[in-house]
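If you want the building blocks of each chain, they are given just below.
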Amino acid sequence: NHISSNSQFLVIVVSVFVTFAFFKFIDQYSIDRWFSAAVFFLTMYLTTMNTMRQYIVVGALLLCIPMLSKGKWWLFLLISFVLAMIHSTAIFAAVGIILSRGRVLSKRVVIIVVFMLVLAFTPAEQFLTLLQVASVQDYADMYESLNKSGINIMRMAVQAVPVLLGVIYFHLYGKENLDHDYAMFANLGIINLMVYI
């Protein structure tokens, strides 16, 4: 409001920031930038304005990932705590990103996967209570309004594609060929699928 009370100005600024963050991330880590940009536009770009606060956090976290390669996980976590003032998922995302460091399907990741599967089969009432106890009110409200029906199978299938591509890659080339960053991205793909499940 100090700069402009026009809501379109806010949308433009957020859109430029989020798009910049994704393209910076693609430029830094993608082998095929055109393909990655196409995937971004086909799968995520249109949703970035539906959940604006979340994508501001996502954009900022993407820009901070290189800190982890430099061993500055504490600074990454500190920034995540600040981002939690914008959206509470910043903390969960940051912890998930930090725990996914290391080799593909490390013990930490397997523990997270098992934990997520236990949550997936937790009865609806207990799951809702767990969300409220964890102070994730945004998601508790959303989960309750969905009438505990979850997401549709097509959205889950889309989230499974990176994991399936990872399995194919590991079968053809082995897990040993991945450096730490790409192993982290593979682990994050697995964790992401577990969240959807």
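Residues numbered from 1 in each chain as written. Predicted model: local features only at pLDDT ≥ 70, side-chain atom pairs only at ≥ 80, totals over all residues. Heavy atoms only, no water.

Side note on the overall build of the protein chain
Okay, so step 1: Check the secondary structure of the protein chain and you find 10 helices and 0 strands.
Okay, so step 2: Going residue by residue from the N terminus, the α and β elements of the protein chain occur as α-α-α-α-α-α-α-α-α-α.
Okay, so step 3: Relative to its full complement of 197 residues, the protein chain shows a buried share of 34%. (Helix = DSSP H or I, 4+ residues; strand = E, 2+ residues; numbered from the N terminus. Buried < 20%, exposed > 50% of the residue type's maximum accessible area, 1.4 Å probe, protein only.)

Quick word on helix α2 (residues 33-43)
Since there are 3.6 residues in each turn of an α-helix, residues three or four apart along the chain are aligned in direction.
Okay, so step 1: Among the residues of α2, S36, A37 and F40 are the ones counted as buried. Along the axis of α2, the buried positions cluster into a sector of 100°, meaning they face one direction only. Residues W34, F35 and L42 are exposed on α2 and point more than 90 degrees away from its buried face.
Okay, so step 2: Its buried side turned inward, α2 meets α1 (7-29). (Arc of directions from axis to C-beta. Contact = heavy atoms within 4.5 Å.)

Section: the side chain of S100
Okay, so step 1: Structurally, the position occupied by S100 is in the loop between α5 (89-99) and α6 (107-120).
Okay, so step 2: Taking the relative accessible area as the measure of exposure, S100 reaches 0% and is therefore buried.
Okay, so step 3: Apart from residues lying up to four places away in sequence, S100 is in contact with V109, A183, M184, N187, L188 and I191.

Here we look at the packing of aromatic side chains
Okay, so step 1: Evaluated as defined, the whole model comprises 11 aromatic pairs.
Okay, so step 2: Measuring from ring centre to ring centre gives 5.9 Å for Y182 and F185, while their planes differ by 80°; the resulting arrangement is edge-to-face. With Y182 and F185 both in helix α10 (residues 180-196) and 3 residues apart, the pair spans about one turn of that helix.
Okay, so step 3: Linked through ring pairs, F22, F23, F40, F41 and Y55 together constitute an aromatic cluster. (Phe/Tyr/Trp six-rings, centres within 6.5 Å; stacked < 30°, edge-to-face > 60°.)

So, the packing of helix α3 (residues 52-69) against helix α4 (residues 73-83)
Okay, so step 1: As a packed pair, α3 and α4 sit with axes 9 Å apart at the nearest point and diverge in direction by 170°. Relative to α4, α3 is oriented roughly antiparallel. Taking contact as the criterion, the partners of V57, A60, L61, C64, I65, M67 and L68 in α3 are, on α4, W73, L75, F76, I79, S80 and L83.
Okay, so step 2: Across the contact of α3 with α4, the residue classes break down as 12 nonpolar, 1 polar and no charged. (Axes fitted to C-alpha atoms, helices over the stretch in contact; angles between N-to-C directions. Parallel < 35°, antiparallel > 145°, perpendicular 65-115°, else oblique. Nonpolar A, V, L, I, M, F, W, Y, C, P; charged D, E, K, R; others polar.)

Re α1
Okay, so step 1: In this model α1 runs 33 Å from its N-terminal to its C-terminal C-alpha over 23 residues, within 8% of the 33 Å that 1.5 Å per residue would give.
Okay, so step 2: Within α1 the residues assigned to the buried category are V14, S15, V18, T19, A21, F22, F25, I26 and Y29.
Okay, so step 3: Elements in contact with the buried residues of α1: α2, α3 and α10.
Okay, so step 4: Two or three places before Q8, at the opening of α1, N6 has a side-chain oxygen 2.9 Å from that residue's backbone nitrogen. (Expected span 1.5 Å × (residues − 1). Polar contact = N/O pair within 3.5 Å; in protein donor to acceptor, adjacent residues only side chain to side chain.)

Details of the nonpolar core
Okay, so step 1: Counting 23 residues, the largest nonpolar core has F22, I65, F76 and L83 as the members making the most contacts within it.
Okay, so step 2: Examining the composition of this core, we find that 10 residues originate from one element, α3, more than from any other.
Okay, so step 3: In this structure F76 touches L61, C64, I65, M67, L68, A94, I97 and I98, once residues within four positions along its chain are discounted.
Okay, so step 4: Counting 12 residues, the second-largest nonpolar core is a separate cluster that includes V109, L119, V163 and L193. (Core = buried A, V, L, I, M, F, W, Y, C linked by side-chain atoms within 4.5 Å.)

As for the pattern of salt bridges
Two side chains bearing opposite charge may form a pair once their charged atoms approach each other closely.
Okay, so step 1: One pass over the full model with this rule turns up 2 salt bridges.
Okay, so step 2: Among the ionic pairs, D27 bridges to R33, the shortest N-O distance being 2.8 Å.
Okay, so step 3: With a closest N to O distance of 3.1 Å, R101 and D181 form a salt bridge. Here the residue R101 occupies a position in the loop between α5 and α6, and D181 occupies one in helix α10, the gap between them amounting to 80 residues. (Salt bridge = Lys/Arg side-chain N within 4 Å of Asp/Glu carboxyl O.)

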